[in-house]
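Breakdown of the fold
These are the residues of each chain, in order.
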Amino acid sequence: MNTQPSNIKKFSIGLLIGLFIAAISWLCSIYFHVSIPLLQGILGSLLLSISFGILATVSGIDKLLNNLPEF
């Protein structure tokens, strides 16, 4: 029973990291005057964040999560 909240927590953290990287990428494209269509930006952000979530769930990032302070 303890494995599911841990996997959900890992997936959520990976999802947030992916969204953060996608937002930085989108902001850099605005800064360098590269036009990314809205649909392509949203789909790219979703694909990146979901892949980071899956990667975080599958890989062993328990040591990193244990070093984070409790909220």
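Owing to the predicted nature of the structure, the values given are computational and were not obtained by experimental measurement. (Residues numbered from 1 in each chain as written. Predicted model: local features only at pLDDT ≥ 70, side-chain atom pairs only at ≥ 80, totals over all residues. Heavy atoms only, no water.)

Let us now look at the overall build of the protein chain. Assigned secondary structure in the protein chain consists of three helices and zero strands. When each of the 71 residues of the protein chain is scored for burial, the buried share is 15%. Summed over all atoms, the accessible surface of the protein chain reaches about 5800 Å², with 74% contributed by carbon and sulfur. (Helix = DSSP H or I, 4+ residues; strand = E, 2+ residues; numbered from the N terminus. Buried < 20%, exposed > 50% of the residue type's maximum accessible area, 1.4 Å probe, protein only. Areas by Shrake-Rupley, 256 points an atom, 1.4 Å probe, with all protein chains shown as cover.)

Let us look at unusual backbone geometry. Backbone geometry at H33 places phi at a positive 60 degrees, although glycine is not the residue there. Along the chain, the position of H33 falls in the loop between α1 (3-31) and α2 (38-58). Residue classification places H33 among the exposed positions, given a relative accessible area of 73%.

A few words on α2. The terminal C-alpha atoms of α2 lie 30 Å apart, and with 21 residues this matches the ideal 30 Å at 1.5 Å per residue to within 8%. Taken together, the buried positions of α2 are occupied by G41, S45, S49, G53 and A56. Seen end-on, α2 carries its buried residues on one side only, within an arc spanning 95 degrees. Of the exposed residues in α2, the ones pointing more than 90 degrees away from its buried face are L39, Q40, L43, L47, L55 and V58. (Expected span 1.5 Å × (residues − 1). Arc of directions from axis to C-beta.)

Attention now moves to the packing of aromatic side chains. Tallied over the full model, the rule gives one aromatic pair. Measuring from centroid to centroid gives 5.0 Å for Y31 and F32, while their planes differ by 80 degrees, and the two rings are edge-to-face. For the residue pair Y31 and F32, the accessibility class agrees, reading exposed in each case. (Phe/Tyr/Trp six-rings, centres within 6.5 Å; stacked < 30°, edge-to-face > 60°.)

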